[in-house]
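In case you want the letters, here they are:
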Amino acid sequence: MKIRTIHLFTGCIPLLSPVVYSAPSANQSDTLIVAATPKAQPLSELETPAALSVVYGDDLRQARQQINLSEGLSGVPGLQIANRQNYAQDLQMSIRGFGARSTFGVRGVRIYVDGIPATMPDGQGQTSNIDIGSIDHIDVLRGPFSALYGNSSGGVINVTTARGTQPPTLRFSSNYSSFGTWRNSVSASGSTGDGNHKGDVDYLISGSKMTTHGFRQHSDAQKTLGNAKLGVQLDDVSHLTLSLNSVHLDANDPGGLTREMWKRDPHQVARNVSLYDARKSVDQTQAGLHYTRELSENDSLSVMTWAGVRETTQYQSIPAATQLSKAHHAGGVIDLARHYQGIDTRWTHNGHLLTMPVAITTGIDYETLREQRKGYENFRGTGANRELGVEGRLRRNEQNQVWNIDPYLQSVWQLSQRFSLNAGVRFSRVHFSSHDRYITPTNGDDSGRANYHHWLPAFSLNYAHDDSWNSYFSFGRGFETPTLNELSYRPDGNSGMNLALRPSTNRTFELGSKKRIGLGLFTAAVFQTDTQNEIVTSSNNDGRSTYKNAGQTRRRGVELGWQQQFAGDWRMGAAWTLLDARYRSPVCDAGCQGKRIPGIAKNMFYTHLDYQPETGWYAGADLRYLSKIAVNDSNSEYAPAWTVTGLYTGYKWMIDQWSLDVSGRIDNLFNRNYAGSVIVNEGNGRFYEPAPGRNYSVGLNLSYAFE
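### Thoughts on the overall build of the protein
Consideration 1: Along the protein, the regular secondary structure elements total 5 helices and 41 strands.
Consideration 2: Scaling as 2.2 N^0.38, a compact globule of 707 residues should have a C-alpha radius of gyration of about 27 Å, and the protein matches this with 25 Å.
Consideration 3: Reported as C-alpha extents along the three principal axes, the dimensions of the protein are approximately 85 × 55 × 50 Å.
Consideration 4: The buried share among the 707 residues of the protein stands at 59%.
Consideration 5: Relative to all contacts within the protein whose residues are 6 or more apart in sequence, the contacts with residues 24 or more apart total 67%.
Consideration 6: When the accessible area of the protein is evaluated, it comes to approximately 26800 Å², of which 56% is carbon and sulfur surface.
Consideration 7: Separation of charge centres in the protein, based on 68 positive and 65 negative side chains, amounts to 7 Å.

### Considerations on the sheet that holds strand β3 (residues 51-56)
Consideration 1: Reading across the sheet, the 5 strands line up as β3-β10-β11-β7-β8 and stay open at both edges, with mixed pairing between neighbours. With partners counted over all chains shown, the strands left at the sheet margins are β3 and β8 (116-117), one partner each.
Consideration 2: Here β3 runs beside strand β10 (residues 135-142); their pairing, made up of 6 bridges, is antiparallel. The residue of β10 that forms the bridge with Val55 is Ile138.

### Some remarks on the environment of Arg370
Consideration 1: Take Arg370: it is sitting in strand β20 (residues 356-376).
Consideration 2: With a relative accessible area of 38%, Arg370 lands in the partly exposed category.
Consideration 3: Between the alpha carbons of Arg370 and Asn400 there is a distance of 5.9 Å; along the sequence they are 30 residues apart.
Consideration 4: Ignoring anything within four residues of it in the chain, the contact list for Arg370 reads Ala337, Arg338, His339, Gln341, Asn400 and Gln401.

### Observations concerning a nonpolar patch on the surface
Consideration 1: On the surface, a nonpolar cluster with roughly 880 Å² of combined accessible area is contributed by Leu170, Phe172, Val186, Trp653, Ile655, Trp658, Val662, Leu700, Leu702 and Phe706.
Consideration 2: A residue is classified by how much of its surface remains accessible, and Trp653, at 36% relative accessible area, is partly exposed.

### Here's the deal with the pairing of strand β13 (residues 181-192)
Consideration 1: Pairing analysis gives 9 bridges linking strand β12 (residues 169-177) to β13, with the strands arranged antiparallel. Paired with Tyr176 across the two strands is Trp182, which belongs to β13.
Consideration 2: Here β12 hands over to β13 after 3 residues, with Phe179 in that stretch at a positive phi of 70°.
Consideration 3: The sheet contact formed by β13 and strand β14 (residues 201-212) spans 11 bridges and is antiparallel. Note that in β14 the partner of Thr192 across the bridge is Val201.

### Let's talk about unusual backbone geometry
Consideration 1: For the peptide bond that leads from Gln166 to Pro167, omega is -5°, which places it in the cis range.
Consideration 2: Here Pro167 is to be found in the loop between β11 (155-161) and β12.
Consideration 3: The backbone phi angle of Ala63 is positive, close to 55°, even though this residue is not glycine.
Consideration 4: Tracing the backbone shows Ala63 in the loop between α1 (57-61) and β4 (79-82).
Consideration 5: Within the chain, Gln66 stands out as a residue other than glycine whose phi angle is a positive 65°.
Consideration 6: Turning to its location among the elements, Gln66 is positioned in the loop between α1 and β4.

### A closer look at the side chain of Asp344
Consideration 1: Within the secondary structure layout, Asp344 lies in strand β19 (residues 333-353).
Consideration 2: Put simply, Asp344 is tucked away with no salt bridge, and the nearest opposite charge, on Arg346, sits 4.2 Å away.
Consideration 3: Here the side chain of Asp344 touches Tyr408 through a polar contact of 2.9 Å, side chain to side chain.

### Section: the nonpolar core
Consideration 1: The biggest cluster of nonpolar side chains holds 22 residues, and the ones touching the most others in it are Leu69, Leu73, Leu79, Ile135, Ile138 and Ile157.
Consideration 2: Contributions of two or more residues to this core are made by β4, β5 (92-95), β7 (110-113), β10 and β11.
Consideration 3: Counting residues per element, this core draws most heavily on β10, which supplies 3 residues.
Consideration 4: Excluding anything up to four places from it in sequence, Leu69 contacts Ile81, Leu91, Thr127, Ile130, Ile132, Ile135 and Ile138.
Consideration 5: Formed by 21 residues, the second largest nonpolar core is a distinct cluster that contains Met604, Ile629, Val644 and Phe687.

### Examining the pattern of salt bridges
Consideration 1: For the structure shown, the criterion picks out 28 salt bridges.
Consideration 2: Put simply, Arg61 and Asp58 hold a salt bridge, and the shortest N to O gap is 3.2 Å. Of this pair, Arg61 and Asp58 both sit in helix α1, 3 residues apart, which is roughly one turn of that helix.
Consideration 3: The salt bridge partner of Arg554 is Asp530, with a shortest N-O separation of 2.6 Å. Taken together, the residues span a long stretch of sequence, with Arg554 in strand β31 (residues 552-566) and Asp530 in strand β28 (residues 520-532) at a distance of 24 residues.
Consideration 4: Each of the salt bridges in this network shares a partner with another, and the network as a whole consists of Arg96, Arg142, Glu510 and Glu559.

### Focus: the packing of aromatic side chains
Consideration 1: Counted under the stated rule, the structure contains 20 aromatic pairs.
Consideration 2: When the ring of Phe432 is compared with that of Tyr452, the centres are 5.6 Å apart and the planes differ by 70°; the resulting orientation is edge-to-face. Of this pair, Phe432 sits in strand β24 (residues 419-436) while Tyr452 is found in strand β25 (residues 448-466), placing the two residues 20 residues apart along the sequence. Residue Phe432 shares its accessibility class with Tyr452, and that shared class is buried.
Consideration 3: Members of the aromatic cluster, joined through ring pairs, are Phe459, Phe473, Phe475 and Phe509.
Consideration 4: Residue placement shows Arg96 over the ring face of Phe527; its charged tip is 3.9 Å from the ring centre.
Consideration 5: Residue placement shows Arg555 over the ring face of Phe98; its charged tip is 4.2 Å from the ring centre.

Conventions used here
- Residues numbered from 1 in each chain as written.
- Predicted model: local features only at pLDDT ≥ 70, side-chain atom pairs only at ≥ 80, totals over all residues.
- Heavy atoms only, no water.
- Helix = DSSP H or I, 4+ residues; strand = E, 2+ residues; numbered from the N terminus.
- Rg over C-alpha atoms; globule rule 2.2 N^0.38 Å.
- Buried < 20%, exposed > 50% of the residue type's maximum accessible area, 1.4 Å probe, protein only.
- Contact = heavy atoms within 4.5 Å.
- Areas by Shrake-Rupley, 256 points an atom, 1.4 Å probe, with all protein chains shown as cover.
- Lys, Arg positive; Asp, Glu negative; His and termini not counted.
- Charge placed at Lys NZ, Arg CZ, Asp CG, Glu CD.
- Pairing = 2+ DSSP bridges.
- Patch = residues over 30% accessible without salt bridge, like charges linked within 9 Å, V, L, I, M, F, W, Y side chains within 5 Å.
- Salt bridge = Lys/Arg side-chain N within 4 Å of Asp/Glu carboxyl O.
- Polar contact = N/O pair within 3.5 Å; in protein donor to acceptor, adjacent residues only side chain to side chain.
- Core = buried A, V, L, I, M, F, W, Y, C linked by side-chain atoms within 4.5 Å.
- Phe/Tyr/Trp six-rings, centres within 6.5 Å; stacked < 30°, edge-to-face > 60°.
- Lys NZ or Arg CZ within 6 Å of the ring centre and 35° of its normal.

These figures come from the coordinates and say nothing about function on their own.
In structure tokens, the structure reads:
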């Protein structure tokens, strides 16, 4: 019997309820399976008709610090991810160039953790609440089908944490690395029964603490992270999962450097950064509840609901003179309190249409965000008695709200033994409103509102050459609204929301092929994305950014990926991305038409070789290359290309119920001096965020299974 697996993407939650469907075909030996399970199995890279990469938690943790996703995702084609050495600004992440404009947090890419969006309804996301020690796998989706996840879906990153299984296990992990960086964590997991019978319970609880002095001056940080996941099999056909997550972060912000400063001393910071003690603190707590039920042999229901609160205080290095020069200036301290919640409900049915097997999923996603935004001066007093880097007078006070409501529909048709069609549509409607509570004789009422909506269709036609080789063609339309932060400041310096900023829309064509080669997989994708009203950085001064629309842009690219296991315990892989991203309209005073979109590398390459036996010695090496990156719209400066190499080794013991793993790693083996990331269009010319030279880490992982 031949078994073909077809994976159906859904609107908000990237994984479906279990659906298994058998149907007659011209050949009675064919069985169609529309697959995704409540046990959160990863999607099939081979059989999913889209550009998809799956990274497993064990690989993310192997001889690594387990602090940042950038440690283990460099081998994903099309994903540009960088550790900025700045925990106040999060990772720099873009997929096929979407998100490259972000000066902090993540834009243009949808992130989910156990079905809960780590991206807010306005399109702004963060990775600070992701516990790498708990990850089972990560699905990275690129291309047209990303649009079915709604606003700001240039790509999708779906993080799934592990589910507790027997036997109950207690784990301890510790890692020390350069620059005084410590990470310690402890976790407990287990289950009663096998998790599939009425009353069975599974659990995973973890907590970690990270502290660092930082590679650069004024870059020290500490983060405390807690994560819990509890599942209950209510009866033979329904399951309930409770997720809890909390993070506390305190981080200093070293900012960027000019090229001359970086070359002279990459450890230093700009004078204003020190004077105003630029820094950030974050407290976030959230909870989610996921209910799944098999309504019948061919029907299933999924309901995901979540709620959380995120409080942020950020001290920027904006000079006092700049704030005092304008009566409507919002100050140099940002105080945010965000409350968010949402619900995604969907129904899946398997049946026939014109004698052809078909699976249909329909649902509706509703999310809302309420934000209390205040701005204060970052100083007190006057003249020689002025105290800097402290909270001063109130300069801004407003209440903002964003909500979206998105119905969606998607289907998979098995047209014949070899052809299958995936098609879907989502109607995304996003509403912004702002109520000004800071009204003075020199600062009028800046309240306002905006509504955006767009139809997001996508389809893919897949052809199975044989059981090991698939090719597909896909098309989709995408939609990206401005985030609240991008609407909050106007390029002309006046007060009020930047309501002239419009959402960007795009359309993507993609042609891809995937081939299983022994115990390996080769993937290839060619794509073109044309965007209207691309949102880009207008100005960036001392940590405050404004944004504008850039007319038309075009991204053309090729992505190649290869992973291979050979000779038993040896593994090798490579990923290459060619991405030509350019403006097609004049966006700056010099025109800039035909210039590269800043922040995006034209070429990325990654390769690795590993020896990974079950126990005993293991070792590996990797190499990463990134071509030069334009730092501004005029392309007058570029961050130079760089190549860095990493080596690691370790030893695993397994004695009775005990497991011990001791490892060591060296990164940037040849001590290259390079800029690991850039700040796009930084107004003071401080574009460059230096990466560390040669650095090391040593780690220990200990576990005990209560068998």
